[in-house]
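Descriptive structure summary
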Amino acid sequence: MEKENAFYAKLEQRGVSRRNFMQYCTYLTATMGLSSSFVPKVAEVFAAPKQRPPVIWLHFGECTGCSEALLRSQYPYPDDLVLEILSVEYHETIMAAAGHQAEEQLKMAVKKNKGKFICIVEGAISTKDNGVYGMVGGRTFLEIAKEVCPQAAAVICMGTCSSFGGIQAAKPNPGGYKSVSEVLGIKTLNIPGCPPNPINLVGTIVNYLLLGKLPNLDDKGRPYFAYGKTVHDQCPRRSHFENDEFVTEFGSEEAASGYCLYKMGCRGPDTFNNCPTAKFNDGTSWPVEAGHPCIGCSQPDFWDEMTPFYEEQ
Amino acid sequence: MRAVENAVGVKIPDNARIIRNLLHGAQFQHDHIVHFYHLHALDWVDIISALKADPAKTATLADNVSGADVGGSVYYKNVQQRLKTFVDSGQLGPFSNAYWGHSAYKLPPEANLMAAAHYIEAIRLQARAARMHAIFAGKNPHLQGLVVGGVTCVKDLTPDRIAEFLYIWKETQSFVKNVYIPDLLAVASFYKDWGAIGGTTNFMAWGEFPESDQEPDSLYMPRGVINKRDLAGVKMPGQDKVTEHVMRSWYEGKDAKHPYKGETKPQYSEYKPDDGKYSWIKAPRYDGESCEVGPLARVLVAYAKGHKEIKALVDSTLKKLDVPVTALFSTLGRTAARGLESVAIGDRMEKWIMELVENVKKGDTKTFQSWEMPDKAEGVGLNDVPRGSLGHWIRIEDKKIANYQYVVPSTWNLGPRDDKGKLGPVEEALIGTPIADPKKPLEVLRTVHSFDPCIACGVHVIDAEADQVYKVKVL
């Protein structure tokens, strides 16, 4: 209790009220599909672990949108994640070290935390011509992945590219890009999306810290708590679908009335994700709410399978 | 999208133009804050030195120079304690193995602590600011809500959604003016020598923020090209004079091509010095010259054209720092220009929000113009994004894409040499950079990061006396 009070005092110092914090924990617990009895335990996870779990974040063929997505996390804010919850030992975008010092840091971090670190991978891996189409510091993504990933306690793929290949692997795939699990022949925990909702990565990490194991996964390596249902099944516009009320042109009266976007090419029926319930940027909105059809960005091969966008399939 | 709209010949409605400007204005505010605090500040600010600061003196310093609405000695004591707990844990995370204690760091501990505190404030602010995008485009990053012909968010043209946008805009712009700009000036005052380091010669901006359907005339940030630093000779560039060279890039062929005819056929070879290919980036040229693009180019073009707000901001900043106008052509000038245009563009957003309100008030909620895909067409879309000038070129045949090429800001800035051996802007900017310790070339990072590169690039440092080559990867 004393520790807890000290924790809340610390939160208050940083402008976060106890009430806000518990609200967040309740939201996260619900997103993770856990019963409300877990709320105080989720709170405990954020209460300051003695040794923060080490994370090594690798960037391969990607646009850094997944890192950017995590930086938009509001509960907890990114500074809490980096300063109090995790120990992000290597992350090319946010780390202060550069050049040789950065490469050295990766080596040291892997060595020091062998078998204990969480490896988060953003981006697909080039395999054609020995992987020369993707290099960091003179080494191919392929070499780096083969060296680092097998030494991790768990490999989490953040985003559609590392999970399933993404845009790099779209036809004609000139660099021979593949997902991490395909290249390394290992099982990875996949959090697909272009980019994914940061709440789903945070939920996965909390699950790991709280229960000492990763959440339950489906056959594509996706946590059930986030990817267990289709967008269509959770869509607030579902009743319009049932009532044959469709948008057939953007900007129309039907669009202004929030009718179903199925005929505008919405891929919600084929896409497994929690966008309609979790929503993005502190629950501000999600694509369908902004009148835009779901493009199926978290599904495998969506660039080939879900296109042409804006056409009913 | 603009390239396709140009090809299919569709004019977007007024509201779509305004909403795009608002979304893009928010992108400028957001990107520039993140760049300054999280991608560039640690080149100038020594976080570890902040542990030695006196929190009370830091509070006094902040009271004198900053308009931040959080502060005071208790606040700075708490921030310092938080950093101390973090450092004492022995897990330095993203701050591991950096150049802390380097002799090129010039800020006193108190200024470092103030900057470290604002680094954290900015992390939180940027997460909130991104909600502006979610309001009219579903999410950030990777907005959805922009389509050829307009925008999709007609349902969100309501007073509550517009008010929500306005509120977040206000908080963000207040941070830009009361925290970002004072921090920029405070840091710059310790690094005035950087007003003579890291400059380039030619500048180009396609411009951005159309305030009517007339482009480029109505662009709030104007279009222009400046050669040899001659501000008085600013000219109007045309897209037909853009070429991309591949002589030194890992692509087939030697000839420079206009983007409509551009090809992207990879041809990788081992790195060879002298005349070999050495980059995945093509070398764009405007009328045969390499051009810097980005905040400095935009601000110089606007300044040269007598842009009211930009001119006032530039002149007052030069006066405050007591540096000559030539100091603009530098690493410091580039970093300052980014802050100054954030003020001008952010301020202008209020006008656009009010225009949207007026339209909605009179019942105009048109957000989309329908169009048809022609069998054959070509189109170009030119604009400026936070990092610089962006051009997309599309050729359509049989209602499908026959060729698509884009020349992005980091291609302009970080491109290699061309067939005449002319340097790219970053290559040029790095010449003559003083380096205190070749093994820790912090100074190189300053100039490269000042361009806000969207690429992990290799910079090789050679110590002329020891003839030792160091490879530095800039992240």
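In what follows, the accompanying structure is described. (Residues numbered from 1 in each chain as written. Chains lettered and ligands numbered in written order. Predicted model: local features only at pLDDT ≥ 70, side-chain atom pairs only at ≥ 80, totals over all residues. Heavy atoms only, no water.)

Our focus in this paragraph is the overall build of chain B. Assigned secondary structure in chain B consists of 13 helices and 13 strands. Taking 2.2 N^0.38 as the reference for a compact globule, 475 residues should give roughly 23 Å; the C-alpha atoms of chain B span a radius of gyration of 23 Å, in line with that estimate. Expressed along its principal axes, the backbone C-alpha trace of chain B runs to roughly 70 × 60 × 45 Å. Out of the 475 residues belonging to chain B, those deemed buried represent 59%. Positive and negative side-chain charges in chain B, numbering 59 and 59 respectively, have mean positions lying 1 Å apart. (Helix = DSSP H or I, 4+ residues; strand = E, 2+ residues; numbered from the N terminus. Rg over C-alpha atoms; globule rule 2.2 N^0.38 Å. Buried < 20%, exposed > 50% of the residue type's maximum accessible area, 1.4 Å probe, protein only. Lys, Arg positive; Asp, Glu negative; His and termini not counted. Charge placed at Lys NZ, Arg CZ, Asp CG, Glu CD.)

Once that is clear, we can look at the packing of aromatic side chains. Under the defined criterion, the tally for this structure stands at 29 aromatic pairs over all chains. A centroid spacing of 6.0 Å and a plane angle of 90° characterise the contact between A:Phe241 and A:Phe246, whose relative ring orientation is edge-to-face. On the basis of relative accessible area, A:Phe246 is assigned to the buried category, the value being 13%. Three or more aromatic residues link up through ring pairs in this structure, and these residues are A:Tyr133, B:Trp250, B:Tyr251, B:Tyr268 and B:Trp280. Across the ring face of A:Phe280, the terminal group of B:Lys139 is positioned such that the distance to the ring centre comes to 5.6 Å. Note that B:Lys282 overlies the ring of B:Tyr251, its terminal NZ or CZ placed 5.6 Å from the centroid. (Phe/Tyr/Trp six-rings, centres within 6.5 Å; stacked < 30°, edge-to-face > 60°. Lys NZ or Arg CZ within 6 Å of the ring centre and 35° of its normal.)

Attention now goes to unusual backbone geometry. Geometrically, the link from B:Asn140 to B:Pro141 is a cis peptide bond, its omega value of 0° lying close to zero. Mapped onto the fold, B:Pro141 is located in the loop between α6 (131-137) and β1 (146-147). Look at the link from B:Glu215 to B:Pro216: it is a cis peptide, with omega at 5°. Mapped onto the fold, B:Pro216 is located in the loop between β4 (208-210) and β5 (219-221). Positioned with a positive phi, A:Asn173 is a non-glycine residue whose angle comes to about 45°. Note on placement: A:Asn173 falls in the loop between α8 (160-164) and β8 (177-178). Here A:Lys279, not a glycine, exhibits a phi torsion of approximately 55°, which is positive. Residue position: A:Lys279 is located in the loop between α15 (275-278) and α16 (302-305).

With that settled, the discussion passes to the pattern of salt bridges. Within the structure shown, the criterion is met by 39 salt bridges over all chains. In this structure, B:Arg82 and A:Asp80 form a salt bridge, with 3.1 Å as the shortest nitrogen-oxygen distance. Highlighted residues: B:Arg82 in helix α4 (residues 73-88) and A:Asp80 in helix α5 (residues 78-85), drawn from two different chains. Judged by its relative accessible area of 11%, B:Arg82 is buried. (Salt bridge = Lys/Arg side-chain N within 4 Å of Asp/Glu carboxyl O.)

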